Amino acid sequence: MANKRSLKHAINSVCGELLVETIAASLYGNAPHHGNADAVLFSILQMQANYISRISHVEPGITPKAYFKDLREKFSSDADEIVDQINYL
């Protein structure tokens, strides 16, 4: 398991890249949908805040290894959903 600091850095990096891609897709896409882009940007920021806060407060009763494995899997699936939303901008 990586330490909490490197996990937070990875989440921030991925969310930053998603933000950049969303902005680029909304500016340079064929049909600009600013309302959709704003919603995707907001969901990225919510996702980032949610997962960063979950790193600092491990749920009791679950082993840390299992907790962080589940956290990474859920983050990966949420990031994939955001990428799909960006593709439809």
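Anything mentioned here points back to the structure above.
What comes next is a walk through the structure. (Residues numbered from 1 in each chain as written. Predicted model: local features only at pLDDT ≥ 70, side-chain atom pairs only at ≥ 80, totals over all residues. Heavy atoms only, no water.)

### Quick notes on the packing of helix α1 (residues 4-28) against helix α2 (residues 34-56)
So, step 1. Their axes nearest at 10 Å, the elements α1 and α2 cross at an angle of 180°. For the element pair α1 / α2, the angle class is roughly antiparallel. Here α1 contributes K4, L7, K8, I11, N12, C15, L18, L19, T22, I23 and S26 to the contact with α2, which in turn contributes A37, V40, L41, I44, L45, M47, Q48, Y51, I52, I55 and S56.
So, step 2. Residue composition of the contact of α1 with α2, by class: 15 nonpolar, 5 polar and 2 charged. (Axes fitted to C-alpha atoms, helices over the stretch in contact; angles between N-to-C directions. Helix = DSSP H or I, 4+ residues; strand = E, 2+ residues; numbered from the N terminus. Parallel < 35°, antiparallel > 145°, perpendicular 65-115°, else oblique. Contact = heavy atoms within 4.5 Å. Nonpolar A, V, L, I, M, F, W, Y, C, P; charged D, E, K, R; others polar.)

### Focus: the nonpolar core
So, step 1. Residues I11, L18, I44, M47, L71 and I82 are the most contacted members of the largest nonpolar core, which totals 17 residues.
So, step 2. Those elements that provide at least two residues to this core are α1, α2 and α3 (64-87).
So, step 3. Not counting residues up to four positions away in its chain, the partners in contact with L71 are L7, Y51, R54 and I55. (Core = buried A, V, L, I, M, F, W, Y, C linked by side-chain atoms within 4.5 Å. Buried < 20%, exposed > 50% of the residue type's maximum accessible area, 1.4 Å probe, protein only.)

### Looking at the side chain of T22
So, step 1. Examined against the element boundaries, T22 turns out to sit in helix α1.
So, step 2. We classify T22 as buried; its relative accessible area is 0%.
So, step 3. Apart from residues no more than four positions distant in its own chain, T22 is found in contact with A37, V40, L41, I44, I86 and L89.

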